[in-house]
Amino acid sequence: EAGVAQSPRYKIIEKRQSVAFWCNPISGHATLYWYQQILGQGPKLLIQFQNNGVVDDSQLPKDRFSAERLKGVDSTLKIQPAKLEDSAVYLCASSSLGTGRKGYEQYFGPGTRLTVT
Amino acid sequence: QQQVKQSPQSLIVQKGGISIINCAYENTAFDYFPWYQQFPGKGPALLIAIRPDVSEKKEGRFTISFNKSAKQFSLHIMDSQPGDSATYFCAASPHNKLVFGAGTILRVKS
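Residues numbered from 1 in each chain as written. Chains lettered and ligands numbered in written order. Predicted model: local features only at pLDDT ≥ 70, side-chain atom pairs only at ≥ 80, totals over all residues. Heavy atoms only, no water.

Colleague: Which parts of the structure should I look at to understand the environment of phenylalanine 73 of chain B?
Modeller: All names here are of chain B. The topology assignment puts phenylalanine 73 in strand E8 (residues 72-77). Under the relative-accessibility criterion, phenylalanine 73 is labelled buried at 2%. Remark: the alpha-carbon pair of phenylalanine 73 and asparagine 22, spanning 51 residues in sequence, is separated by 6.1 Å. Beyond its immediate stretch of four places on either side in the chain, phenylalanine 73 contacts Val4, Ile21, Asn22, Cys23, Tyr25, Phe33, Trp35, Ser65, Phe66, Cys90 and Ala91. (Helix = DSSP H or I, 4+ residues; strand = E, 2+ residues; numbered from the N terminus. Buried < 20%, exposed > 50% of the residue type's maximum accessible area, 1.4 Å probe, protein only. Contact = heavy atoms within 4.5 Å.)

Listed below in structure tokens is the structure:
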């Protein structure tokens, strides 16, 4: 079974530029998550999708971050405009369980390391 | 209340020794407690997980101990090996979401 795919693996941009990350979850996984992992910290959930609908985006800085999951499979996360503090690894994860059930397993991709200069 | 506090920040263990990492939480709505292992340049990988209806779960050299009354859980790595050197994250799940601890950098000396 193929894992979660992410691209690009690395990205360097200047502040105020825009950037987009792509994620392809494990086949058949209905739930997709985007996390931000700042160096030396644990991942922090940005947004959770169930199929192509948003379940939770309470921690997404909506003035500059946006995400979509068209057709309930692939997802893109966009930052526009980027700030220095957005430098982090952006992780995508997927799981096969929907909301309302207790316990699930999330599988993470390798992440995209973003450096904003 | 959504925090998970993890300690220590870093840990050095001799090969063959026992590595112990601790986590504490406040929110009684947390109902699933996984541990993830992360190597440099890789995403976190699920190691082992427990639900609060059991006090201990063992998989190979990895054991989770869970104390519901104290709201604490810990990861024990028996017979630690240099290949176990990585960052370990505890997490807790309220309603199908994950809240992560800050991580523990484990180094196993050969």
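Colleague: How should I be thinking about the pairing of strand E3 (residues 19-25) of chain B in this particular structure?
Modeller: Regular strands place side chains that alternate from one sheet face to the opposite one. Residues and elements named next belong to chain B. Burial of E3 is one-sided: the residues Ser19, Ile21, Cys23 and Tyr25 facing one way are buried, the residues Ile20, Asn22 and Ala24 facing the other way are not. Two strands pair when backbone bridges link them, and strand E1 (residues 4-7) and E3 are joined in this way by four bridges, in the antiparallel orientation. What sits directly across from valine 4, in E3, is tyrosine 25. In this structure, E3 lies alongside E8, joined through six bridges in antiparallel fashion. Paired with isoleucine 21 across the two strands is leucine 75, which belongs to E8. (Pairing = 2+ DSSP bridges.)

Colleague: I keep staring at the sheet that holds E1 of chain B and nothing clicks. Help me out?
Modeller: For sheets, the rule is that strands pair by backbone hydrogen bonds, running either parallel or antiparallel. All names here are of chain B. One open sheet accounts for five strands, arranged E1-E3-E8-E7-E6; its pairing is antiparallel. In this open sheet, the two edge strands, each paired with only one partner strand, are E1 and strand E6 (56-59). Across this sheet, the average inter-strand angle for adjacent strands is 15 degrees, counted without regard to direction. Bridge analysis of E6 against strand E7 (residues 62-67) gives four bridges, and the strand direction is antiparallel. Within E7, the position partnered with glutamate 56 by the bridge is serine 65. (Axes fitted to C-alpha atoms, helices over the stretch in contact; angles between N-to-C directions.)

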